[in-house]
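Now for the letters of each chain:
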Amino acid sequence: MTLEQQWLEYDYNPFIVFNESGKIISANSEAQFLLGATTPSTLFELAKVYASVNFGFKTTFIELEYGRYKFFGLTVGYKDEEEIGIKLYQTPSYKLNTKKPEGELTNIFTITDLCIATNSISSSLKYTKSYDPTIPEVILNSNQLIKVLNKMYACVQENETINTKVFYRIGEHIKFDGKKYSIFSISVTAKNIDNHQTAQLKALAESYNFYIEISSSLTINIPMITS
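Residues numbered from 1 in each chain as written. Predicted model: local features only at pLDDT ≥ 70, side-chain atom pairs only at ≥ 80, totals over all residues. Heavy atoms only, no water.

Draft legend 1. Expanded view of helix 5 (residues 108-120). Look at helix 5: 18 Å from first C-alpha to last across 13 residues, which is about the 18 Å you get at 1.5 Å a residue. Within helix 5, the full set of buried residues consists of Ile 108, Phe 109, Ile 111, Thr 112, Cys 115, Ile 116 and Asn 119. What you see down the axis of helix 5 is that its buried residues fit within an arc of 165°, all on one side. A side-chain oxygen of the first residue of helix 5 lies 3.0 Å from the backbone nitrogen of Phe 109; this N-cap is Asn 107. Backbone geometry just downstream of helix 5 places Ser 122 in the positive-phi region, at approximately 55°. (Helix = DSSP H or I, 4+ residues; strand = E, 2+ residues; numbered from the N terminus. Expected span 1.5 Å × (residues − 1). Buried < 20%, exposed > 50% of the residue type's maximum accessible area, 1.4 Å probe, protein only. Arc of directions from axis to C-beta. Polar contact = N/O pair within 3.5 Å; in protein donor to acceptor, adjacent residues only side chain to side chain.)

Draft legend 2. Molecular detail of the packing of helix 6 (residues 142-154) against helix 7 (residues 195-207). Direction vectors running N to C along helix 6 and helix 7 enclose 170°, while the axes themselves pass 10 Å from each other. Taken together, the axes of helix 6 and helix 7 are roughly antiparallel relative to one another. Residues Lys 147, Val 148, Lys 151, Met 152 and Ala 154 of helix 6 form the contact with helix 7, whose own contacting residues are Gln 197, Gln 200, Leu 201, Leu 204 and Ala 205. Taken together, the residues of the contact of helix 6 with helix 7 sort by class into 6 nonpolar, 2 polar and 2 charged. (Axes fitted to C-alpha atoms, helices over the stretch in contact; angles between N-to-C directions. Parallel < 35°, antiparallel > 145°, perpendicular 65-115°, else oblique. Contact = heavy atoms within 4.5 Å. Nonpolar A, V, L, I, M, F, W, Y, C, P; charged D, E, K, R; others polar.)

Draft legend 3. Main features of the side chain of Glu 213. By the element assignment, Glu 213 lies in strand 12 (residues 211-214). Residue Glu 213 is classed as buried on the basis of its relative accessible area, which comes to 15%. Engagement of the side chain of Glu 213 in a polar contact is seen with the side chain of Asn 221, the distance being 2.8 Å. Among residues more than four places away in sequence, those in contact with Glu 213 are Gly 67, Arg 68, Arg 169, Leu 218, Thr 219 and Asn 221.

Draft legend 4. Layout of the nonpolar core. The biggest cluster of nonpolar side chains holds 33 residues, and the ones touching the most others in it are Ile 108, Leu 145, Met 152, Ile 162, Phe 184, Ile 186 and Ile 220. When contributions to this core are tallied by element, the ones reaching two or more residues are helix 5, strand 9 (138-140), helix 6, strand 10 (161-176), strand 11 (179-189), helix 7 and strand 13 (217-223). Of the residues forming this core, the biggest block, 6 residues, is contributed by helix 6. Beyond its immediate sequence surroundings of up to four residues, Ile 162 is in contact with Leu 125, Lys 126, Tyr 127, Thr 128, Tyr 153, Val 156, Gln 157, Val 188, Thr 189 and Ala 190. Judged by nonpolar contacts, the second largest core, of 22 residues, contains Ile 16, Ala 27, Phe 44 and Tyr 66. (Core = buried A, V, L, I, M, F, W, Y, C linked by side-chain atoms within 4.5 Å.)

Draft legend 5. Geometry of helix 7. Along its 13 residues, helix 7 runs 19 Å from first to last C-alpha, staying within 8% of the 18 Å computed at 1.5 Å per residue. When we look at burial in helix 7, the residues that qualify are Gln 197, Thr 198, Leu 201 and Ala 205. End-on, the buried residues of helix 7 take up no more than an arc of 105°, which puts them together on one face. When the buried face of helix 7 is taken as reference, the exposed residues oriented beyond 90 degrees from it are His 196, Ala 199 and Ser 207. Residues of helix 7 that are buried in the fold lie against helix 6, strand 12 and strand 13. Backbone nitrogen of His 196 and a side-chain oxygen of the N-cap are separated by 2.9 Å at the start of helix 7; the cap is Asp 194. In the segment just after helix 7, Asn 209 is the residue with positive phi, at about 65°.

In short, geometric facts, not functional conclusions.
Structure below.
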């Protein structure tokens, strides 16, 4: 592999080349991670939409989000009808400023159940749970996680039912010191989310280097580090 090829392979920004029917011809390392959060067909359609009318390259600044990936722009290029390439530019976030978690081996289900019990005291709210039992104990700071989870539950108190789901994110990974780790999530879903408190939640999570998604649910993503 030449230096130029290695540079592209390890670029922080995902790069994919498709053939005319949408089959992936090549994809760098970062694109492999991205494909765990979206589909090749979605990215192929994106490339066609933002391609130049004539052969050549076109850069567009646009905000895109796929799972934990956020982008501020893309470049699409093609020189014939047989191949088309797309490069997406990541908004600096999770992977640039996050250190490898430190702490102790922690049972995620015990911590989550503790937070649910704490928040359900003297409450008429109904808490439902859906846990993936295959998720092992992981290394993290349990006190910090408890604070973030309690804040997540504080954002959804104006509801009748709150659902908590702990699940493995298939195909998604993060790198620390060149080693790849799988990711799992703790997601809190309710009909009403207090938007006034979500800004505080985001700031709290980021202060502890947790990555949180705030949309129709509140989801914290955690690397599966076991040793």
